[in-house]
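So the chains spell out like this:
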Amino acid sequence: MALHDSPAQHPVDTSVIHHDARLFTLVEDAFRFGAEQQTLRRAYFKHLGAVAVLPVDEQDRVLLIGQYRHPVRMHLWEVPAGLLDVEGEPMLETAQRELLEEADLRAESWHTLADYYTSPGASDEAIRIYLAQGLSAVPEAELHAREAEESEIVPTWVPLAEAVDAVLSGRIHNPSAVVGILALHAVRTGAGTLRDARAPWADQPRGIAP
């Protein structure tokens, strides 16, 4: 059986904005559902969306970055990532920019690893994770000045097998890191294949081109 998520439309009678912030908007919809057209109300966050990058070097080490995340009061091991907050910027270009800004790297080779919704019961945030290979350091004159929590980012190279073990043993929890590491492991073990960096994402919530 070929598994495939599919779009679904249900009549929305009302949509109320309760809070509008830079990163997200809190919305409450009343919509009709099912054969009896029962009215349901659901509040959720409309989000800008994001991209993430899993950089991998010639030794099959992945680059993870340590960063503080205040909502969970944790210092997390993550992968470079960033919001789709530049109007009209395709996802791949955003990923390339974030790799430069958060890891001081450029990559010659790009592929799509995975697409996912971070919390589809509460948000429409959607993330594409890229695999970046053929890495080179950004010249010092072009380095990005990191601010706030990003100022304490600690890039660290980790063997892929060690990263997989950290995921499966419950030692790291950032969703893009977890999904990206396991997706690359699946590719390396022959359970899946890479997609083109600009592979279509027909149901991307904001309709942003890859």
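Quick look at the structure, then. Quick caveat: nothing in here was measured; it's all calculated off a predicted structure. (Residues numbered from 1 in each chain as written. Predicted model: local features only at pLDDT ≥ 70, side-chain atom pairs only at ≥ 80, totals over all residues. Heavy atoms only, no water.)

Digging into the sheet that holds strand β6 (residues 74-78)
Judged by pairing direction, the sheet is antiparallel, and its three strands sit side by side in the order β6-β5-β10 without closing on themselves. Strands with a single pairing partner mark the edges of an open sheet, and in this sheet they are β6 and β10 (154-159). Averaged over neighbouring strand pairs, the angle between their axes works out to 30° when direction is ignored. Summarising the sheet, strand β5 (residues 61-69) and β10 pair through six bridges and their orientation is antiparallel. In the strand pairing of β10, Leu63 is matched with Trp157. (Pairing = 2+ DSSP bridges. Helix = DSSP H or I, 4+ residues; strand = E, 2+ residues; numbered from the N terminus. Axes fitted to C-alpha atoms, helices over the stretch in contact; angles between N-to-C directions.)

As for helix α2 (residues 160-168)
Side chains that are three or four residues apart share a direction in an α-helix, a result of its 3.6 residues per turn. Burial in α2 covers these residues: Leu160, Ala163, Val164, Ala166 and Val167. The arc that holds the buried residues of α2, viewed along the axis, is 160°, so those residues lie on one side. Residues of α2 that are exposed and point more than 90 degrees away from the buried face comprise Ala161 and Leu168. Once α2 finishes, Gly170 follows within two positions and takes phi at roughly 80°, a positive value. (Buried < 20%, exposed > 50% of the residue type's maximum accessible area, 1.4 Å probe, protein only. Arc of directions from axis to C-beta.)

A short note on empty space enclosed by the protein
To find the voids left in a structure, one rolls a probe of water-molecule size over its atoms. Using the criterion set out here, one finds one cavity of 30 Å³ or more in the structure. What the largest cavity holds in volume is close to 30 Å³. Forming the walls of the largest cavity are His47, Leu48, Gly49, Asp124, Glu125, Ala126, Gln204, Pro205 and Arg206. Per-class residue counts for the lining of the largest cavity are three nonpolar, three polar and three charged. (1 Å grid on protein atoms, 1.4 Å probe; cavity = no way out; pocket = protein on both sides within 12 Å on 5 of 7 lines; lining within 4 Å. Points joined across faces, edges and corners; volume = space filled by probe spheres on them. Nonpolar A, V, L, I, M, F, W, Y, C, P; charged D, E, K, R; others polar.)

Some remarks on the packing of aromatic side chains
Counting across every chain of the model gives three aromatic pairs. An angle of 75° between the planes, with centres 4.8 Å apart, marks the rings of Phe24 and Phe45 as edge-to-face. In this pair, Phe24 is assigned in strand β2 (residues 24-33) and Phe45 in strand β3 (residues 38-47), connecting sequence segments 21 residues apart. Accessibility expressed as a relative area gives 28% for Phe24, which makes it partly exposed. For Phe45, a relative accessible area of 34% corresponds to the partly exposed category. An angle of 45° between the planes, with centres 6.4 Å apart, marks the rings of Tyr117 and Trp201 as tilted. Of the two residues, Tyr117 sits in strand β8 (residues 105-117) while Trp201 sits in the segment after β11 (195-196), which places them 84 residues apart along the sequence. For Tyr117, a relative accessible area of 35% gives the class partly exposed. (Phe/Tyr/Trp six-rings, centres within 6.5 Å; stacked < 30°, edge-to-face > 60°.)

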